[in-house]
Amino acid sequence: MKSIKNHLSLIVALVSILFSIQVFTIVERSIDAYKENLANNYSVVVVSQTKIEEKTIKALNPLIAEISELNPDSVIKRLNTKMDTKNLELLKVTLPKFYRLKLSHYPNPVEVDKLTKNLLKHKSVTKVENFSHNHDSVYKLLLLFKEVISIFAIAIFVVTILLIIKELRIWQYMHNDRMSIMGLFGAPIWLSSAVLFRLAIVDAIVSSILTFVVFTYLSTNEWILQQFSYIGIDVVIFDNVEDFSILFGVAIFLSILLASLIVLGHKEEV
Amino acid sequence: MDKVIVAKDLSLSYSNDETIINKANFSVDSGSFVFITGASGSGKSTLLKSLYGALKPQQGSLIVGGVEINGASKTKLNFLRRHIGIVFQDYKLVKEWTIEKNIMLPLIINGYEKNVTQNQVDSLLKHVRLKHQAGKYPLELSGGEQQRVAMARALSHNPILILADEPTGNLDDYSSGLIWNLLEGANTQLKTTVIVVTHHIPESMGIDYKHFHIEYGSIHEVN
């Protein structure tokens, strides 16, 4: 019972760290997916006196991914009743060209500003509509959300590191006796600390498996998937290979670090 | 006769201010039985600690089993300790291991095969009359029984030297008798060198022994 309790304390600390890492990964992925979504729905409109070649516009700023010319027919249709055909044809020729630019990713306010300036440098471009007011508020909301989650993840991380330090002291007390006795009978350090490393590795494996089970369940949970579909994004909650490898690596690293610190801090009894 | 221990101008201390053993000269022949006596705090246990390298000499030279303790690397000390059996006053048994596993410890460290280890442990458990307690943990045993386990552990790997620190200190007559018999047996039958730190030399000792007495930091042989 006591032994299970000793295992549990490290497992709980490791699971909380792995949990916070995975939650942070999911948030990062969600924000990236949301940004991509925003980028798809966000465009800049350029007004030009003359027709501009696609490659000329693209050369102005690397953010520009796609260019499409806006058809002026819908505007002309509204004037249709008051003008005769000849004037309408003349208007079509003299009307400035409108282009909609799709961007490679959702830009930050600085990038939007730079893009606007670069476009205006072209002699034919007379106006650039970047909808900066809307863009800025969405972007700031996104940043705020990301920062709140980061602070939350860091707080969990700090608390669990403190838990692990406490665990380190308990383990030091628990294993010092046995390591000292083994040392008195000539056991090399690898042998006297073998039990400690075995415990640490077992705890790392158990905590990785527990985290795997929890996130595998969450990634198939209807309610969670529904929440993501509400905001119109599709996010991988848990990648069985990539995410599990990262979490397992972190768990093994932390537990071996903990065991190594105990071994390094071990003093021979005099 | 070969010397297992040779001390020349040996000084021991825990810090630089207080010297516990001061420039001692002595030697111990291989296969001999040695008692070290002295008043409480005279430095008996300190001397014993230096013999297994837990305390390095402050000055002078101390050679145990051919290993110069001063300046010996950890690997050399481990090598030496693998050939020594130690009986501690406070037993020093691993609490979370059964007594069977505690006795196995030196055999595991020395890399003995499993069947050899098991046979040796079974035989020792019979000798210390604890066969029926093999699966118990140290804290489930009395002080006398724990010391018998410690004794069995010290003998398990047939060491060249046994160091015992007041092995019968607080024990009943039965356990004390068993321990003295085992120490005598190891010395006479296996030719193991035995060094015992004690307050009283038992009157019933049936073998020849050497007696060192520690007083005011110096060690002298008692004839």
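Along each chain, residue indices are assigned from 1 in the same order as the chain's sequence is written. A letter from A marks each chain and a number from 1 marks each ligand, given out in the order of writing. Thresholds applied to this predicted model are a pLDDT of at least 70 for local features of residues and 80 or more for the giving and counting of side-chain atom pairs; totals over whole chains, interfaces and linings are not thresholded and use all residues.

Considerations on the overall build of chain A
For clarity, the threshold we go by: Here a strand is any run of E in DSSP of at least two residues, a helix any run of H or I of at least four, and the numbering for each starts at the N terminus. The quantity called the radius of gyration is restricted to C-alpha atoms. Its globule counterpart is 2.2 Å times the number of residues to the power 0.38. Here a residue counts as buried when 20 or more other C-beta atoms fall within 10 Å of its C-beta, as exposed when 12 or fewer do, and as partly exposed in between; the C-beta atoms come from the backbone. Two residues qualify as a contact pair if the distance between their C-beta atoms, derived from the backbone, is within 7 Å.
Scanning chain A from N- to C-terminus turns up 10 helices and 4 strands. Starting at the N terminus and ending at the C terminus, chain A contains elements arranged as α-β-α-β-α-α-β-α-β-α-α-α-α-α. Computed over C-alpha atoms, the radius of gyration of chain A comes to 30 Å, more than 25% over the 18 Å expected from 2.2 N^0.38 for 270 residues, which places it beyond the range of a compact globule. Here the C-alpha coordinates of chain A stretch approximately 110 × 40 × 25 Å along the principal axes. Counting over 270 residues, chain A shows a buried share of 24%. Counted over contacts in chain A with a minimum sequence separation of 6, partners at least 24 positions apart contribute 83%.

Remarks on the overall build of chain B
Regarding its fold elements, chain B presents 6 helices and 10 strands. Taken along its principal axes, the extent of the C-alpha atoms in chain B is 50 × 40 × 35 Å. In chain B, which comprises 223 residues, the proportion classed as buried is 43%. Considering only contacts within chain B whose residues lie at least 6 apart along the sequence, 69% involve residues at least 24 apart.

Some points on the domain arrangement of chain A
To keep it simple, the criterion reads: Delimitation of the domains relies on an automatic or database domain assignment.
Split by domain assignment, chain A resolves into domain 1 (2-37 + 137-265) and domain 2 (43-130). One C-alpha centre belongs to domain 1 of chain A, the other to domain 2 of chain A; they are set 51 Å apart.

Quick notes on the sheet that holds strand β1 (residues 43-48) of chain A
All names here are of chain A. In plain terms, the rule: Paired strands, as defined in this entry, are two strands with at least two bridges between them according to DSSP. For helices, the axis comes from a line fit to the C-alpha atoms of the stretch in contact; other axes are also lines fit to C-alpha atoms, and the angle between any two N-to-C directions lies between 0 and 180 degrees.
With antiparallel pairing, 4 strands are arranged side by side in an open sheet as β2-β3-β1-β4. At either end of the open sheet lies a strand with only one pairing partner, and these are β2 (64-69) and β4 (125-129). When the angles between neighbouring strand axes are averaged without regard to direction, this sheet yields 25°. As judged from the 5 bridges shared by β2 and strand β3 (residues 97-103), these two strands associate in the antiparallel manner. Bridging across to β3, Glu66 finds its partner in Lys102.

Notes on the interface of chain A and chain B
Tallying the contact residues gives 12 residues for chain A and 14 residues for chain B. It is helix α6 (residues 132-184) of chain A that provides the largest number of residues to the side of chain A that touches chain B, a total of 4 residues.

Some words on the packing of helix α5 (residues 143-155) of chain B against helix α6 (residues 173-189) of chain B
All names here are of chain B. Here is the rule we go by: Here roughly perpendicular refers to angles of 65 to 115 degrees, roughly parallel to angles under 35, roughly antiparallel to angles over 145, and oblique to all remaining angles. For this classification, Asp, Glu, Lys and Arg are treated as charged, while Ala, Val, Leu, Ile, Met, Phe, Trp, Tyr, Cys and Pro are nonpolar and the rest, including Gly, are polar.
The geometry of α5 relative to α6 is characterised by a closest axis approach of 10 Å and an angle of 10° between their N-to-C directions. It follows from the interaxial angle that α5 and α6 lie roughly parallel. For the pair α5 and α6, the contacting residues are Gly144, Gln147, Arg148, Met151 and Leu155 in the first and Ser175, Leu178, Ile179, Leu182 and Ala186 in the second. Its residues placed into classes, the contact of α5 with α6 shows 6 nonpolar, 3 polar and 1 charged.

Focus: the pairing of strand β10 (residues 218-222) of chain B
Residues and elements named next belong to chain B. In the sheet, strand β9 (residues 210-215) pairs with β10 via 5 bridges, with the strands oriented antiparallel. By the bridge assignment, His211 is partnered in β10 with Val222. Where β9 folds back on β10, the antiparallel hairpin that results is connected by 2 residues, among which Tyr216 adopts a positive phi of roughly 50°.

Description of helix α3 (residues 99-109) of chain B
All names here are of chain B. Of all 11 residues in α3, 9 are buried, a share of seventy percent or more. Buried within α3 are the following residues: Ile99, Glu100, Asn102, Ile103, Met104, Leu105, Pro106, Leu107 and Ile109. Positive backbone phi, approximately 75°, marks Gly111, located one or two places after α3.

Points about the sheet that holds strand β6 (residues 84-87) of chain B
All names here are of chain B. Judged by pairing direction, the sheet is mixed, and its 6 strands sit side by side in the order β6-β7-β8-β3-β9-β10 without closing on themselves. Only two strands of the sheet have a single partner each, and these edge strands are β6 and β10. Across the sheet, the mean angle from the axis of one strand to that of its neighbour is 20°, orientation sign disregarded. Note that strand β7 (residues 161-165) and strand β8 (residues 193-197) share 5 bridges and pair parallel.

Observations regarding helix α5 (residues 109-121) of chain A
Residues and elements named next belong to chain A. What counts, and what does not: Here the expected length of a helix is defined as 1.5 Å per residue gap, with one fewer gap than residues. Taken from the helix axis, the directions to the C-beta atoms give the arc we talk about.
Along its 13 residues, α5 runs 19 Å from first to last C-alpha, staying within 8% of the 18 Å computed at 1.5 Å per residue. Among the residues of α5, those classed as buried are Val112, Leu115 and Leu119. Each buried residue of α5 lies within a common arc of 65° when the element is viewed along its axis, so the set occupies one face. Exposed positions of α5 whose direction lies more than 90 degrees from the buried face are Val110, Lys117 and Lys121.

Considering the pairing of strand β4 (residues 59-64) of chain B
All names here are of chain B. Sheet topology places strand β1 (residues 3-12) next to β4; 5 bridges connect them, and they run antiparallel. Within β4, the position partnered with Val6 by the bridge is Ile63. The pairing of β4 with strand β5 (residues 67-68) spans 2 bridges and is classified as antiparallel. When the sheet's bridge partners are listed, Val64 is paired in β5 with Val67.

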